[in-house]
Amino acid sequence: MQFQNTIAYAQYHAEGGEFTIASGQDYSKFPFEMKVVNEIEKNVFRINEVEWIIGVRQTGIYYVDFSFIAEQGDAKRYTIAPYIGTTKIGTTTAVEFYQQPDNMAYEVSATWLIGLDRGDKLSIELSGSAVPTETFYTKDIKMSIFCLQQLGIH
């Protein structure tokens, strides 16, 4: 992907690891160090590198692509959802997935169009339907975000 005259964009990555799911249906931030991919970060910045919270310096509609590989499983239901600050965005933005049985890896991915104002803090958070009986692992966590209100995305 090539950007010309861009206002705001970034790509982040984390290796992942063991993810402790909150009890009940509370949402938790991804607790892994997020790194900038190939210095692709302009007017989007990391607020907290350990909890996957980013901020934006430009108001606009953002395309957000988020994915990770999940491992292990106890066949429970999980949900990922975008948050602005401490508020989940809308009621239809959550993406539900079912964890596979033991010894199976699978990709979980979602894309959103999100209206963000300058200074907003965005996070993608994970919730489980119940406390897992198996340890939940994530790896190869990726996020790409770019503002659509700019010129020349090719």
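Residues numbered from 1 in each chain as written. Predicted model: local features only at pLDDT ≥ 70, side-chain atom pairs only at ≥ 80, totals over all residues. Heavy atoms only, no water.

1. Things to note about the side chain of threonine 138
Our working rule: Only DSSP runs of H or I with at least four residues qualify as helices, and only runs of E with at least two residues qualify as strands; both kinds are numbered from the N terminus onward. Residue contacts are defined here by distance: any two heavy atoms, one from each residue, within 4.5 Å place the two residues in contact.
Relative to the helices and strands, threonine 138 is located in strand 12 (residues 136-147). Once residues lying within four places of it in the same chain are set aside, the contact partners of threonine 138 are Glu15, Gly16, Gly17, Phe19, Phe30, Phe32, Phe68 and Ile69.

2. Details of the packing of aromatic side chains
Put simply, the rule reads: Whether two aromatic rings pair depends on their centres lying within 6.5 Å, for rings of Phe, Tyr and Trp, where Trp uses its six-membered ring; planes under 30 degrees apart make the pair stacked, over 60 edge-to-face, and the rest tilted. Burial status follows relative accessibility: with a 1.4 Å probe on protein chains alone, a residue under 20% of its type maximum counts as buried, one over 50% as exposed, and anything between as partly exposed.
Here the structure, examined in full by the defined rule, presents 11 aromatic pairs. Plain terms: the ring middles of phenylalanine 66 and phenylalanine 68 are 6.2 Å apart, the flat faces sit at 65 degrees to each other, and that makes the pair edge-to-face. Comparing phenylalanine 66 with phenylalanine 68, the two get one shared label, buried. A network of ring pairs unites the aromatic residues Phe19, Phe30, Phe32, Trp52, Phe66, Phe68, Tyr78, Phe97 and Tyr106 as a single cluster.

3. Section: the nonpolar core
Under the convention used in this document: Buried Ala, Val, Leu, Ile, Met, Phe, Trp, Tyr and Cys residues that are joined via side-chain atoms within 4.5 Å together make up what is termed a nonpolar core.
Judged by nonpolar contacts, the single largest core of 36 residues is most densely connected at Phe30, Trp52, Phe66, Phe68, Ile80 and Phe136. Every element with two or more residues in this core is listed here: strand 1 (9-19), strand 5 (53-56), strand 6 (60-71), strand 7 (77-84), strand 10 (106-116), strand 11 (121-128) and strand 12. Sequence-distant contacts of phenylalanine 30, that is, excluding residues within four places in its chain, are made with Phe19, Val50, Glu51, Trp52, Phe66, Phe68, Ile80, Ile124, Glu125, Leu126, Thr138 and Ile141.

4. A look at the confidence of the model for the protein
Applicable threshold: Confidence per residue, as judged by the predictor, is encoded in pLDDT with a range of 0 to 100.
Mean pLDDT over the protein stands at 84; residues scoring 70 or higher make up 86%. Within the protein, strand 9 (residues 95-98) has the poorest average pLDDT of any element, 83, and strand 5 the best, 95.

5. Topic: the sheet that holds strand 3 (residues 35-42)
Selection rule: The pairing criterion for strands is at least two bridges between them, as found by DSSP. For helices, the fitted line uses only the C-alpha atoms of the stretch in contact; every axis is such a line through C-alpha atoms, and the angle between N-to-C directions lies from 0 to 180 degrees.
Spatially, the five strands line up as an open sheet ordered 3-1-12-6-10, and their pairing is antiparallel. Strand pairing shows two members of the sheet lacking a second neighbour, strand 3 and strand 10, which therefore form its edges. Shown here is a sheet whose adjacent strand axes are inclined to one another by a mean of 20 degrees, direction ignored. Relative to strand 10, strand 6 is paired through 11 bridges, and the arrangement is antiparallel.

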